[in-house]
Amino acid sequence: MADALTPLLDPMDLEHVTLVRRTKTDADGTTSRQLRADGGDIKRTIAKLDVAALGAIDESKIDPTSNGLIECWVPERMRSRANGSELAREQATMDHVLAELGAKTPSGRPVRVAFEFGDQLD
């Protein structure tokens, strides 16, 4: 039954989009989260990153070591003027949502999500 519902519940098949998650520790001992996805096209990739970022936002709000930064990486091969515009729109939407939520880390730092093109996590 679940297989029959999958196209309705996950029409973009985000379950099968490759996602890499990493926690990065900075020199000051704080941590940030890095997410990289490749959905084959910009829309699936951004959709997967959005879902993953929501979880990372929740993690950042309770992690005492978090500096609040969540980096969402889109493969460099997807860089184009149109995809850059799509990523900028997504960034503006995420900035608006985070401002409305007022999400903060336990130390009071604002939680922020940055969308970028690139192939390697730091």
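Q: Can you walk me through the packing of helix α2 (residues 42-62) against helix α3 (residues 81-101) in this structure?
A: Helix-helix packing is characterised by the crossing angle of the two axes and by the distance between the axes. Closest axis-to-axis distance for the α2/α3 pair is 11 Å, and the angle between their directions is 25°. Here α2 lies roughly parallel to α3, going by the angle between them. The element α2 and its partner α3 pack so that their crossing is right-handed. Along the contact surface, α2 presents Ile-42, Lys-43, Ile-46, Asp-50, Ala-53 and Ile-57, while α3 presents Asn-83, Glu-86, Leu-87, Glu-90, Met-94 and Leu-98. For the contact of α2 with α3, a count of residues per class yields seven nonpolar, one polar and four charged.

Q: Would you explain the pattern of salt bridges in this entry?
A: Should the charged atoms of two oppositely charged side chains come close, the side chains can pair. Counted according to the given criterion, the structure contains nine salt bridges. The residue Lys-61 makes a salt bridge to Asp-58 at a minimum N-O spacing of 4.0 Å. Of this pair, Lys-61 and Asp-58 are both found in helix α2, three residues apart, which corresponds to roughly one turn of the helix. Accessibility expressed as a relative area gives 38% for Lys-61, which makes it partly exposed. Among the salt bridges present, the one from Arg-79 reaches Glu-76, with a minimum N-O distance of 2.5 Å.

Q: Can you walk me through α2 in this structure?
A: Because an α-helix completes one turn every 3.6 residues, residues spaced three or four positions apart along the sequence face the same direction. In this model, α2 (21 residues) spans 30 Å end to end at C-alpha, consistent with the 30 Å of a helix rising 1.5 Å per residue. Among all positions of α2, only Ile-42, Thr-45, Ile-46, Ala-47, Lys-48, Leu-49, Asp-50, Ala-52, Ala-53, Ala-56, Ile-57 and Ser-60 are buried. At the N-terminal end of α2, a side-chain oxygen is found 3.1 Å from the backbone nitrogen of Lys-43, two or three residues along, and the residue is Asp-41.

Calculation criteria
- Residues numbered from 1 in each chain as written.
- Predicted model: local features only at pLDDT ≥ 70, side-chain atom pairs only at ≥ 80, totals over all residues.
- Heavy atoms only, no water.
- Axes fitted to C-alpha atoms, helices over the stretch in contact; angles between N-to-C directions.
- Helix = DSSP H or I, 4+ residues; strand = E, 2+ residues; numbered from the N terminus.
- Parallel < 35°, antiparallel > 145°, perpendicular 65-115°, else oblique.
- Left-handed = near helix turned anticlockwise from the far one by under 90°.
- Contact = heavy atoms within 4.5 Å.
- Nonpolar A, V, L, I, M, F, W, Y, C, P; charged D, E, K, R; others polar.
- Salt bridge = Lys/Arg side-chain N within 4 Å of Asp/Glu carboxyl O.
- Buried < 20%, exposed > 50% of the residue type's maximum accessible area, 1.4 Å probe, protein only.
- Expected span 1.5 Å × (residues − 1).
- Polar contact = N/O pair within 3.5 Å; in protein donor to acceptor, adjacent residues only side chain to side chain.

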